[in-house]
Amino acid sequence: DGGITQSPKYLFRKEGQNVTLSCEQNLNHDAMYWYRQDPGQGLRLIYYSQIVNDFQKGDIAEGYSVSREKKESFPLTVTSAQKNPTAFYLCASSDMVETQYFGPGTRLLVL
Amino acid sequence: AQSVTQPDIHITVSEGASLELRCNYSYGATPYLFWYVQSPGQGLQLLLKYFSGDTLVQGIKGFEAEFKRSQSSFNLRKPSVHWSDAAEYFCAVGADTGRRALTFGSGTRLQVQP
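Model, not experiment: these values are computed from the prediction.

S.K.: Is there a simple way to explain the state of the cysteines in this structure?
M.R.: As used in these notes, a disulfide is a covalent bond between sulfur atoms, one from each of two cysteines. Going through the model one piece at a time under the given rule, you end up with 2 disulfides over all chains. Two residues share a disulfide in this structure: Cys23(A) and Cys91(A), whose sulfurs sit 1.9 Å from each other. The sign of the S-S torsion, about -75 degrees, decides the handedness of the disulfide formed by Cys23(A) and Cys91(A): left-handed. With Cys23(A) in strand 3 (residues 19-25) and Cys91(A) in strand 9 (residues 87-94), this pair connects stretches of sequence that are 68 residues apart. Each member of the pair Cys23(A) and Cys91(A) is classed as buried. The residue that forms a disulfide with Cys23(B) is Cys91(B), at a sulfur-sulfur distance of 2.0 Å. Residues Cys23(B) and Cys91(B) are joined through a disulfide that is left-handed, its torsion about the S-S bond being -65 degrees.

Structural data, given as structure tokens:
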């Protein structure tokens, strides 16, 4: 079954802690994206990667970091510098004609 | 910079009634346009997309959308709504150059009354 998986489904962060959200795809897509979703604000782009070992900041990259060491994987780390991390995080990948396919999301909550 | 406006935050329709969700975009060239649907706590599912050609686009679940360049609009329609259509709907615009990521509207929440 081809698709995008995100784990965990729920993640709890303590103050001062870094946490990492996993995103894996087996669609053989070159491009991958991370979005943050807050109620009433739609989706906002955090980071994106168009090819392995390369990535760019999106609109709200502060307090986040990513890596792209493999085509299939694009993990997102929420660092302690992100002061308001509570949100729903969505990972996506796209083919060359720009259609993006989304994973099921990870909900991050602060303890 | 590209932008998307969905003027209706919340819409309620009766089951069996027709539906139109509005989307207006701002983009300098011919855009790539998308409609996605999201059920609570879930990811986004692609309903339909427009890249070029016929301005009336058919999608899944009986949805269609019409691209109107003169109005910078890409409204989503369905002739007869089912209770299972209750969800949040997002319009998005993409570019074929530069930053190839989508810009999303803030969404329209659809409620279906029996």
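S.K.: Please explain unusual backbone geometry as it appears in this structure.
M.R.: Residues apart from glycine generally show negative phi values, whereas peptide bonds are mostly found in trans. The peptide bond linking Ser7(A) to Pro8(A) adopts the cis configuration, its omega dihedral lying at -5 degrees. Of note, Pro8(A) is situated in the loop between strand 1 (4-7) and strand 2 (10-13). For Lys61(B), which is not a glycine, the phi torsion comes out positive at approximately 60 degrees. Among the secondary structure elements, Lys61(B) is positioned in the loop between strand 7 (56-58) and strand 8 (64-68). Residue classification places Lys61(B) among the partly exposed residues on the basis of a relative accessible area of 46%. Positioned with a positive phi, Ser72(B) is a non-glycine residue whose angle comes to about 50 degrees.

S.K.: Even after reading the chapter, I still don't get the nonpolar core, so can you show me in this structure?
M.R.: The tendency in soluble globular proteins is for nonpolar side chains to be buried as a group. Core analysis: the largest hydrophobic core is formed by 26 residues, its most contacted members being Leu19(B), Trp35(B), Leu47(B), Leu48(B), Phe74(B), Leu76(B) and Tyr89(B). With sequence-adjacent residues up to four places away left out, Leu19(B) is seen in contact with Ile11(B), Val13(B), Phe63(B), Leu76(B), Arg77(B), Lys78(B), Val81(B) and Leu110(B).

S.K.: Looking at this model, I keep getting lost on the side chain of Ser94(A). Mind explaining?
M.R.: Residue and element names in this part refer to chain A. Positionally, Ser 94 belongs in strand 9. A distance of 2.9 Å separates the side chain of Ser 94 from the side chain of Tyr 33, its partner in a polar contact. If we ignore the near neighbours within four places in the chain, the residues touching Ser 94 are His 29, Asp 30, Ala 31, Tyr 33, Thr 99 and Gln 100.

S.K.: What am I meant to see in the sheet that holds strand 1 of chain A here?
M.R.: Two orientations exist for strands paired in a sheet by backbone hydrogen bonds: parallel and antiparallel. All names here are of chain A. Reading across the sheet, the 4 strands line up as 1-3-8-7 and stay open at both edges, with antiparallel pairing between neighbours. With one partner strand each, in any of the chains shown, strand 1 and strand 7 (64-66) form the two edges of the open sheet. Averaged over neighbouring strand pairs, the angle between their axes works out to 20 degrees when direction is ignored. Two elements, strand 7 and strand 8 (residues 76-78), share 3 bridges in a ladder whose sense is antiparallel. Within strand 8, the position partnered with Tyr 64 by the bridge is Val 78.

Here is what the cut-offs are and how they apply
Residues numbered from 1 in each chain as written. Chains lettered and ligands numbered in written order. Predicted model: local features only at pLDDT ≥ 70, side-chain atom pairs only at ≥ 80, totals over all residues. Heavy atoms only, no water. Disulfide = S-S within 2.5 Å. Helix = DSSP H or I, 4+ residues; strand = E, 2+ residues; numbered from the N terminus. Buried < 20%, exposed > 50% of the residue type's maximum accessible area, 1.4 Å probe, protein only. Core = buried A, V, L, I, M, F, W, Y, C linked by side-chain atoms within 4.5 Å. Contact = heavy atoms within 4.5 Å. Polar contact = N/O pair within 3.5 Å; in protein donor to acceptor, adjacent residues only side chain to side chain. Pairing = 2+ DSSP bridges. Axes fitted to C-alpha atoms, helices over the stretch in contact; angles between N-to-C directions.

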